[in-house]
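Results of the structural survey
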Amino acid sequence: MSFTRRLIVGTGPVPCNVMLVGEAGGWDEHQQGRPFVGKAGMVLSTYAKAAGISRGKVYIDNLYPWWVGVGNPDPPEEQIEEGGRLLRATLRRVKPKFVGALGRTPARWFLGDSFEQKRDHGLPKRVEMEGLSFIVVPTYHPAAGFYDASAAALCQKDIHALAETVRGERAVWEERELPESRLVPHPTPRSPDVLPQEGDAIDTEGSILLPQMM
Ligand code: URA
């Protein structure tokens, strides 16, 4: 099926402490031009809310900010390269301190080919890129649970790991410790501003992913 490519534009505050990066948009995102507005987005909303992450305070985007096509195949290498160039520019604009890499493809893009999802998911790691220094938490993709219930549980756990990292409650895997592949406690800056604050309005009706559109 041929279709006209339509950019799926990242949403959220700029600059932003926390950024979530998915793989590529699906059909719903292609239709609406916004990331994570379909079924995977509903799952992500639920997990983020349970972990205490407020969607209105995170920037959300995709590595390949277009729909790949019917069946949502993984984006091929040239599409990852194209999306990666845009993502680098977005990172410079958004200046995140924490990035949730949602799924294997964005996790590999941030952490390199040595990333192994089964072994490394949920482990926060510091990354230097584009003159920035931020912590990446790789997660199972929110849609992985559509096919495998255990992946849903792991994704939910990983989103919790991200929230705990933002709150400074998790050890960070530092580059120099990679050869030994071990975790040591590392004080991360406390960043309570992504979490709902006393007095914050709570959206009880709409999607927490897109409260600004309600
Ligand atoms: N899956 C993604 O990786 N991104 C979206 O925007 C939607 C589904």
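Preceding this section is the structure that the text describes.
Just so we're clear, the structure is a prediction, and the values are computed from it rather than from any experiment.

**So, the layout of surface pockets**
Quantified by volume, the largest pocket comes out at close to 880 Å³. Examining the composition of the lining of the largest pocket, we find that four residues originate from one element, helix 4 (residues 104-111), more than from any other.

**Remarks on unusual backbone geometry**
Of note, the amide linkage connecting V14 to P15 takes the cis form, showing an omega dihedral of -10°. As for its position among the elements, P15 is in the segment before strand 1 (18-25). Notably, F36 is not glycine yet its phi reads approximately 50°, a positive angle. The topology assignment puts F36 in the loop between helix 1 (27-32) and helix 2 (39-51).

**Structural notes on the environment of E82**
As for its placement among the helices and strands, E82 is situated in helix 3 (residues 77-94). Classification of E82 by relative accessible area gives partly exposed; the value is 24%. Expressed as a C-alpha distance, the spacing of E82 and Y64, which sit 18 residues apart in the sequence, is 7.4 Å. Every residue in contact with E82, bar those within four places of it in the chain, is listed here: R5, Y64 and W66.

**Quick word on the site of the ligand**
Inspection of the region around the ligand gives G22, E23, A24, G25, E29, P35, F36, A40, N62 and H141 as its neighbouring residues. Between the ligand and the protein, one listed contact pairs an oxygen atom with a backbone N or O atom of E23 at 2.9 Å. Between an oxygen atom of the ligand and a side-chain N or O atom of H141, the distance comes to 2.8 Å. Take the shell around the ligand: its biggest share by element is four residues, from strand 1. Its residues placed into classes, the shell around the ligand shows four nonpolar, four polar and two charged.

About the thresholds
- Residues numbered from 1 in each chain as written.
- Predicted model: local features only at pLDDT ≥ 70, side-chain atom pairs only at ≥ 80, totals over all residues.
- Heavy atoms only, no water.
- 1 Å grid on protein atoms, 1.4 Å probe; cavity = no way out; pocket = protein on both sides within 12 Å on 5 of 7 lines; lining within 4 Å.
- Points joined across faces, edges and corners; volume = space filled by probe spheres on them.
- Helix = DSSP H or I, 4+ residues; strand = E, 2+ residues; numbered from the N terminus.
- Buried < 20%, exposed > 50% of the residue type's maximum accessible area, 1.4 Å probe, protein only.
- Contact = heavy atoms within 4.5 Å.
- Near = heavy atom within 4 Å.
- Polar contact = N/O pair within 3.5 Å; in protein donor to acceptor, adjacent residues only side chain to side chain.
- Nonpolar A, V, L, I, M, F, W, Y, C, P; charged D, E, K, R; others polar.

Keep in mind that these numbers describe shape and distance, not what the molecule does.
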